[in-house]
Amino acid sequence: MAPEDIDGREASADEARGLVSFIEESPSMFHTAAAIRARLDAAGFTYLPEGEAWHMAPGDRCYTVRNGSSVVAWRIGDKVESAHYHFQLAAAHGDSPTFKLKANPELEGPDGCTRLNVEAYGGMIDYTWFDRPLSLAGRVMVRTQRGVESRLVSLDEDVAIIPSLAIHMNREVNKGFAPNRAHDLCPLISAGARGRGAVDALVAAALGVDSDAIVARDLFLVSRVPGRVWGADDEFISAPRLDDLMCAYAALRAFVTSSNEHDISVFACFDNEEVGSETKQGAASTLLSDALARINGALGAGAENLRRALASSMLVSCDNAHARHPNRPEMADGENAPRINGGLVIKEAANQHYCTDAFSRAVLASVLDDARVPYQTFANRSDMAGGSTLGNISNTQVSLHAVDVGCAQLAMHSSFETAGAHDVANAIDALRAFFCADLKIREADAATW
Ligand code: ZN
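A quick note: this is a predicted structure, and the numbers were derived from the prediction, not measured.

Reading the values: the criteria
- Residues numbered from 1 in each chain as written.
- Predicted model: local features only at pLDDT ≥ 70, side-chain atom pairs only at ≥ 80, totals over all residues.
- Heavy atoms only, no water.
- Helix = DSSP H or I, 4+ residues; strand = E, 2+ residues; numbered from the N terminus.
- Rg over C-alpha atoms; globule rule 2.2 N^0.38 Å.
- Buried < 20%, exposed > 50% of the residue type's maximum accessible area, 1.4 Å probe, protein only.
- Contact = heavy atoms within 4.5 Å.
- Areas by Shrake-Rupley, 256 points an atom, 1.4 Å probe, with all protein chains shown as cover.
- Lys, Arg positive; Asp, Glu negative; His and termini not counted.
- Charge placed at Lys NZ, Arg CZ, Asp CG, Glu CD.
- Polar contact = N/O pair within 3.5 Å; in protein donor to acceptor, adjacent residues only side chain to side chain.
- Donors = N, O, S within 2.8 Å, 3.2 Å for Na, K, Ca; no water.
- Pairing = 2+ DSSP bridges.
- Axes fitted to C-alpha atoms, helices over the stretch in contact; angles between N-to-C directions.
- Salt bridge = Lys/Arg side-chain N within 4 Å of Asp/Glu carboxyl O.
- Phe/Tyr/Trp six-rings, centres within 6.5 Å; stacked < 30°, edge-to-face > 60°.
- Lys NZ or Arg CZ within 6 Å of the ring centre and 35° of its normal.
- Parallel < 35°, antiparallel > 145°, perpendicular 65-115°, else oblique.
- Left-handed = near helix turned anticlockwise from the far one by under 90°.
- Nonpolar A, V, L, I, M, F, W, Y, C, P; charged D, E, K, R; others polar.

Colleague: How should I be thinking about the overall build of the protein chain in this particular structure?
Modeller: The secondary structure content of the protein chain amounts to nine helices and 22 strands. Against the 2.2 N^0.38 benchmark of 22 Å for 449 residues, the protein chain shows a C-alpha radius of gyration of 23 Å, consistent with a compact globule. Each principal axis of the C-alpha distribution contributes one length, and for the protein chain these read about 70 × 60 × 45 Å. Out of the 449 residues in the protein chain, the part that is buried amounts to 53%. Of all intrachain contacts in the protein chain linking residues separated by at least 6 positions in sequence, the fraction that spans at least 24 positions is 76%. Accessible area of the protein chain: about 19,500 Å², with a carbon and sulfur share of 48%. Here the protein chain contributes 40 positively and 60 negatively charged side chains, and the mean placements of these two sets differ by 3 Å.

Structure below.
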């Protein structure tokens, strides 16, 4: 193996391990935002709260946060002029399918047992949540002397399991199993030692406050199965929440390690993609449009400048894609099915649930060709509806040239998903090439860099 190949493999393994760490730090969307903020702070970015005045100049690096769960960060190139500039953006989402605790979170009985009262957040594969150690993470609001205060909490212990029903009581289970979420998916947390108030007691102990001080919670189930790189040649990575923390990590790494003097580079990580994005901090909200307008204003530019900037800007919407499944290859399109470790996937759908079109595909694919970075293509099998993601939703608030991409993965929306270990570095290389390209876009007619 050539020395550069060995270096490349080590760098790739480092990025895969970095992703595993990032996922461990991000058990809920609130923790995802915190993990992103920690990396932005370390890279010298300045936090600008939405509720304060924003001042900035070319060369500045800043970020803002909405609801503690969505982040927008930007870097203004040294040579950016307010009269003539553009944005190059990459966006991912920081939430994943899971179960959310209800306001009264315990179910008492039978026989002294206590179970958690949960409802689905997003569209998970239910059966993957059985028989594995679970915990709780999210944010709680704590009473203070004169008000309330938000606190992040992640219980660093195995506190719950959703036990299967024995095969002796469900002989047909292997012929098809449709668990009822109200009956079958209630996590067990106590055999009798605890009852009502068990959740607040656990949370209060973790935070060092009184149980009575906890007045509201956004708490979610967390799989405690650790992420890992595996396979005969370490080609795979498996972890909870790969969709979409793999893209969030890759886009963030590409963003903080790239440079472009001529544009405003933007990284966004949205909450609530898994439940439709229509929240105050989701991709359908005003978060991105507000941030871009305020950046424009802080540079001393007017509304006309912003409209012109947006017309020559481009968004890469990053959300994981389906790899062809080795056990079910027929479920993928014959010619547009990506493979594990084959590079960043450009996703396209005629129904426009992916925002890719010929123009945006041509710009990104050609930039990646020039950078000698691999990429591949996904389209749904023609008799399947497929999914959607944040790009087309975001475009209803901020209309931009946009292309949908992701990393090829298996078992999407399982509680333990699988992707290519080398695709972490592949995605970072691809998105870095995009951020570094000085795009000059002329309507949908032409682009150079
Ligand atoms: Zn996703």
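Colleague: What should I look at first to understand the side chain of serine 414 in this one?
Modeller: In this fold, serine 414 is placed in the loop between β19 (408–410) and β20 (417–420). Its relative accessible area of 13% is what places serine 414 among the buried residues. Within the structure, the side chain of serine 414 is placed 3.0 Å from the backbone nitrogen of phenylalanine 416, a separation counted as a polar contact.

Colleague: I would appreciate a short explanation of the coordination of the zinc ion in the present structure.
Modeller: Octahedral metals with six donors have ideal donor angles of 90 or 180 degrees. Tetrahedral metals with four donors have an ideal donor angle of 109.5 degrees. Note on the zinc ion: its protein donors are His93 (NE2), Asp243 (OD), Asp319 (OD) and Asp319 (OD). The metal-donor distances range over 2.0 to 2.6 Å. All donors of the zinc ion belong to a single chain; written as a sequence motif, their spacing is H-x149-D-x75-D. Of this pair, aspartate 243 sits in helix α4 (residues 242–256) while aspartate 319 sits in the loop between β14 (314–318) and β15 (321–322), and the two are 76 residues apart along the sequence. Both residues of the pair, aspartate 243 and aspartate 319, belong to the buried class.

Colleague: Just to check I follow, could you spell out the sheet that holds strand β13 (residues 264–270) for this structure?
Modeller: Hydrogen bonding along the main chain pairs the strands of a sheet, whether they run parallel or antiparallel. Strand order across the open sheet formed by nine strands is β1-β2-β3-β13-β4-β14-β18-β16-β17, with mixed pairing between neighbours. A strand with exactly one partner marks an edge of an open sheet, and here the two such strands are β1 (46–47) and β17 (375–378). The sheet strands contacting α4 are β3 (70–76), β4 (87–93), β13, β14 and β18 (401–406), and the helix crosses β4 at an angle near 150°. Sheet strands in contact with helix α9 (residues 421–436) are β4, β13, β14 and β16 (344–347), and its direction is about 150° off that of β4.

Colleague: What am I meant to see in the environment of glycine 227 here?
Modeller: With respect to the element layout, glycine 227 can be found in the loop between β10 (214–223) and β11 (228–230). When its relative accessible area of 17% is taken as the criterion, glycine 227 is described as buried. Along the sequence, glycine 227 and arginine 39 sit 188 residues apart, while their C-alpha atoms lie 20 Å from each other. Those residues within four positions of glycine 227 in sequence are excluded, and the remaining contacts are Val20, Glu24, Ser238, Ala239 and Pro240.

Colleague: Would you mind showing me how to read the environment of alanine 321 here?
Modeller: Within the secondary structure, alanine 321 sits in strand β15. Take alanine 321: its relative accessible area is 2%, and that puts it in the buried class. Taking the C-alpha atoms as reference points, alanine 321 and arginine 115, separated by 206 residues in sequence, lie 35 Å from one another. Ignoring sequence-local partners within four residues, the contact set of alanine 321 consists of Val345, Lys347, Gly406, Cys407, Ala408, Gln409 and Met412.

Colleague: Can you walk me through the pattern of salt bridges in this structure?
Modeller: When charged atoms on two side chains of opposite charge get close, those side chains can pair. Within the structure shown, the criterion is met by 19 salt bridges. Salt-bridge contacts for aspartate 158 lead to arginine 224; the nearest nitrogen and oxygen are separated by 2.7 Å. Here aspartate 158 is found in the loop between β8 (147–154) and β9 (188–190), whereas its partner arginine 224 is found in the loop between β10 and β11, with 66 residues between them in sequence. Note on aspartate 158: relative accessible area 52%, which makes it exposed. Judged by its relative accessible area of 28%, arginine 224 falls in the partly exposed class. Each of Glu50, Arg66 and Asp290 takes part in salt bridges that share partners, so that together they form one network.

Colleague: Would you explain the packing of aromatic side chains in this entry?
Modeller: Each aromatic ring pair is characterised by the separation of its centres together with the angle its planes make. A complete count under the given rule lists 13 aromatic pairs for this structure. Grouped by ring-pair contacts, the aromatic residues Phe45, Phe255, Phe267, Phe434 and Phe435 constitute a single cluster. The aromatic ring of tyrosine 47 is capped on one face by arginine 37, whose charged end is 4.2 Å from the ring centroid.

Colleague: What's the story with the packing of α4 against α9 in this structure? I'm lost.
Modeller: Packed helices, taken two at a time, are described by their axes: the angle between them and the distance between them. At a closest axis distance of 8 Å, the pairing of α4 and α9 adopts a crossing angle of 45°. By the angle between their axes, α4 is oblique relative to α9. Along this stretch, α4 crosses α9, giving a crossing that reads as right-handed. Listed contacts from α9 to Met246, Tyr249, Ala250, Ala251, Arg253, Ala254 and Phe255 of α4 are Asp423, Val424, Ala427, Ile428, Leu431, Arg432 and Phe435. Of the residues assigned to the contact of α4 with α9, the class counts are 11 nonpolar, no polar and three charged.

Colleague: I'm lost on the sheet that holds β15 in this one. Help?
Modeller: One open sheet accounts for five strands, arranged β11-β12-β20-β19-β15; its pairing is mixed. At either margin of the open sheet sits one strand with a lone partner, and together these are β11 and β15. Summarising the sheet, β19 and β20 pair through two bridges and their orientation is antiparallel. Across the sheet, glutamine 409 pairs through a bridge with alanine 419, a residue of β20.

Colleague: Would you mind showing me how to read the pairing of strand β6 (residues 114–121) here?
Modeller: Both faces of the sheet carry side chains from a regular strand, because those side chains alternate between them. As defined by bridge partners, strand β5 (residues 98–108) adjoins β6 across seven bridges and the pair is classed as antiparallel. Among the inter-strand pairings, leucine 101 is bridged to a residue of β6, identified as valine 118. Connecting β5 to the next strand, β6, in antiparallel fashion are five residues, including glycine 109 with a positive phi near 85°.

Colleague: Which parts of the structure should I look at to understand the environment of aspartate 438?
Modeller: You can see aspartate 438 is positioned in the loop between α9 and β21 (440–442). Each C-alpha atom of the pair aspartate 438 and serine 259 lies 9.9 Å from the other, and the pair is 179 residues apart in sequence. Discounting residues that sit within four places of it in the chain, aspartate 438 has contacts with His86, Gln88, Asn260, His262, Thr448 and Trp449. For aspartate 438, the side chain forms a polar contact with the side chain of lysine 440, separated by 2.9 Å.

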